[in-house]
Amino acid sequence: MYYSCNTAHRVKTRGDIWTYINESVIPPLSRTIPYDMSKKIPENDFLLIGKFRLRQIRVKRDSCKFPDKLRKLFGFDHLGMKCTSTLNTVNDDNDNYNKSWQIQSQLVTPTDEWSFQHAWDLESVPYLGERAIYGGGGYLVDMNTGPSSILKISELMLKSWIDTRTRAFFIEFVLYNPNVNMYSSVMIVFEYSSPGTVTTSFQIYTTPLSHYSTSKEITSLVFEIVFFLLTIFVSYIEIKKIRLVGLKTYFKRFWNKLSMLMLILCYTSMAIFIERFRMITHIIRQYRSDGKDSYINFSLAILWDCILFYILPF
């Protein structure tokens, strides 16, 4: 994982991405060992959860035009040169295509890497890049780490799946270390400007995403239940105060306002905690049903985990 991120800066052109995937992404991921509950796994080893995903976000065809005077002066039409703009909410491409970026498809249901898939369907969240804010949708292909992945990469390269209209390219995968019960969601991002320069960044988020399977997690569950019960108890006391003195009189005192603010934060934390637990349960069920046949998206679970992390200190 570290090697993949450390060598990403070598990508300078669109074509370099394919070399990077073949040399720095597939080999390390293919060395992840299969999970066997009966065997001890070294602490430094990780398991690849499901497949890894290649995703790109594009701008529409003819998203900008050369001024007429410049086009005639330099003969852009004769040279076959086309203008592509930077990404924004108006010109992002969400059309479906038929095995080529030149032929649009009338298919309603996305079926392959030439069809746009929305963030809502993928259960993904936006990414704040250095050049723009990118949505969670896009054109994508889920890859395994076997020999077929090399053939798929060759096919995408020959068909120019990444071209001048590509504005962001994502490599996404999830790793798991069962010894420490830690999940690592990894996203390696390549952002392209209109002229073709590349900006590289990556995002790694590691979290236990506990599902109450160990003694420590059971202990944590007990304290969480105590927290919920105390919140309900304090709410009962504050409601009695409001009924006794009235709403206006209650909010005249500073400490009552502070108590109410704390209760709001507590209930917000409880709601986020429940949603986070629901998402983790959904992800685990998805992995058990689909196994290695699909990419397991942790985006929403990590989002709720981050929000909960920042709210709890208050």
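Conventions adopted
Residues numbered from 1 in each chain as written. Predicted model: local features only at pLDDT ≥ 70, side-chain atom pairs only at ≥ 80, totals over all residues. Heavy atoms only, no water. UniProt positions renumbered as here; feature names shortened; annotations may be inferred. Helix = DSSP H or I, 4+ residues; strand = E, 2+ residues; numbered from the N terminus. Contact = heavy atoms within 4.5 Å. Areas by Shrake-Rupley, 256 points an atom, 1.4 Å probe, with all protein chains shown as cover. Salt bridge = Lys/Arg side-chain N within 4 Å of Asp/Glu carboxyl O. Buried < 20%, exposed > 50% of the residue type's maximum accessible area, 1.4 Å probe, protein only. Patch = residues over 30% accessible without salt bridge, like charges linked within 9 Å, V, L, I, M, F, W, Y side chains within 5 Å. Pairing = 2+ DSSP bridges. Core = buried A, V, L, I, M, F, W, Y, C linked by side-chain atoms within 4.5 Å. Phe/Tyr/Trp six-rings, centres within 6.5 Å; stacked < 30°, edge-to-face > 60°. Lys NZ or Arg CZ within 6 Å of the ring centre and 35° of its normal. Expected span 1.5 Å × (residues − 1).

An unreviewed UniProt entry annotates the protein as PKD1L2 originating from Mytilus edulis. According to its UniProt record, the protein has this under Subcellular location (unreviewed entry): "Membrane". Recorded in UniProt for the protein, the comment headed Sequence similarities (unreviewed entry) runs: "Belongs to the polycystin family."

(A) Fine view of the overall build of the protein. Within the protein, the regular secondary structure consists of 10 helices and 8 strands. Long-range contacts, defined as pairs at least 24 residues apart, comprise 64% of the intrachain contacts of the protein with a sequence gap of at least 6. Carbon together with sulfur atoms contributes 62% to the accessible area of the protein, which is approximately 18,500 Å² in total.

(B) Representation of the pattern of salt bridges in the model. Here the structure, examined in full by the defined rule, presents 11 salt bridges. Put simply, Arg165 and Asp93 hold a salt bridge, and the shortest N to O gap is 2.8 Å. Of this pair, Arg165 sits in the loop between helix H6 (147–158) and strand E6 (166–177) while Asp93 sits in the loop between helix H4 (76–79) and helix H5 (119–122), and the two are 72 residues apart along the sequence. Just as Arg165 is buried, Asp93 falls in that class too. The closest approach of N and O atoms between Asp305 and Arg276, which form a salt bridge, is 2.6 Å. Pair noted here: Asp305 is in helix H10 (residues 299–311) and Arg276 is in helix H9 (residues 254–290), with a separation of 29 residues, a long-range link. For Arg276, a relative accessible area of 8% gives the class buried.

(C) Broad picture of unusual backbone geometry. For Lys99, which is not a glycine, the phi torsion comes out positive at approximately 60°. As for its placement among the helices and strands, Lys99 is situated in the loop between H4 and H5. By relative accessible area, which is 41% here, Lys99 ends up partly exposed. Not every positive phi belongs to a glycine, and Ser160 is a case in point at roughly 55°. By secondary structure assignment, the location of Ser160 is in the loop between H6 and E6.

(D) Here's a closer look at a nonpolar patch on the surface. Taken together, the side chains of Phe254, Trp255, Leu258, Leu261 and Met262 make up a nonpolar region of the molecular surface, amounting to roughly 520 Å² of accessible area. With respect to the element layout, Phe254 can be found in helix H9.

(E) Inspection of the pairing of strand E5 (residues 139–143) at higher detail. Counting buried residues along E5, 4 of its 5 residues qualify, which places the element largely inside the surrounding structure. Relative to E5, strand E2 (residues 52–58) runs antiparallel, the two sharing 5 bridges. Its bridge partner lying in E5, Leu54 is registered against Val141.

(F) View of the pairing of E6. Along E6, 12 of the 12 residues are buried, which leaves the element largely enclosed by surrounding structure. Here strand E1 (residues 47–48) pairs with E6 via 2 bridges, running antiparallel. Looking at E6, one finds that Leu47 is bridged to Tyr176. Two elements, E2 and E6, share 6 bridges in a ladder whose sense is antiparallel. When the sheet's bridge partners are listed, Gln56 is paired in E6 with Phe169. As paired elements, E6 and strand E7 (residues 182–192) share 10 bridges and run antiparallel to each other. Residue Tyr176 lies in a different strand from E7, and its bridge partner there is Tyr183. Linking two consecutive strands that pair antiparallel, namely E6 and E7, is a turn of 4 residues; a positive phi of about 55° is found at Asn181 within it.

(G) Up close: the nonpolar core. Ranked by internal contacts, the top residues of the largest apolar core, which has 31 residues, are Ile21, Leu54, Trp161, Phe169, Ile171 and Phe190. Only helix H2 (16–30), E2, E5, H6, E6 and E7 provide two or more residues apiece to this core. Here the element with the most residues in this core is H2; it accounts for 7 residues. Ignoring sequence-local partners within four residues, the contact set of Ile21 consists of Ile26, Pro27, Leu54, Ile153, Phe169 and Ile171.

(H) Examining the packing of aromatic side chains more closely. One pass over the structure, following the stated rule, counts 16 aromatic pairs. Chaining the aromatic ring pairs together yields one cluster made of Tyr97, Trp101, Trp114, Phe116 and Tyr139. One residue, Arg55, lies across the ring of Phe170, its end atom 4.1 Å from the ring centre. The residue whose ring lies beneath Arg58 is Trp101, and the NZ or CZ to ring-centre distance is 3.7 Å.

(I) Layout of H10. When the terminal C-alpha atoms of H10 are compared, their 19 Å separation across 13 residues agrees well with the 18 Å that a helix rising 1.5 Å per residue should span. Those residues of H10 that sit buried are Ser299, Ala301, Ile302, Asp305, Leu308 and Ile311.

(J) Fine view of the UniProt feature "transmembrane region" (unreviewed entry) in the protein. Here, UniProt's "transmembrane region" (unreviewed entry) annotation points to residues 218–237, 258–274 and 294–312. Across residues 218–237 one finds 100% helix and 0% strand; the C-alpha atoms that close the span lie 29 Å apart. Taken end to end, residues 294–312 comprises 68% helix and 0% strand; its first and last C-alpha atoms sit 33 Å apart.

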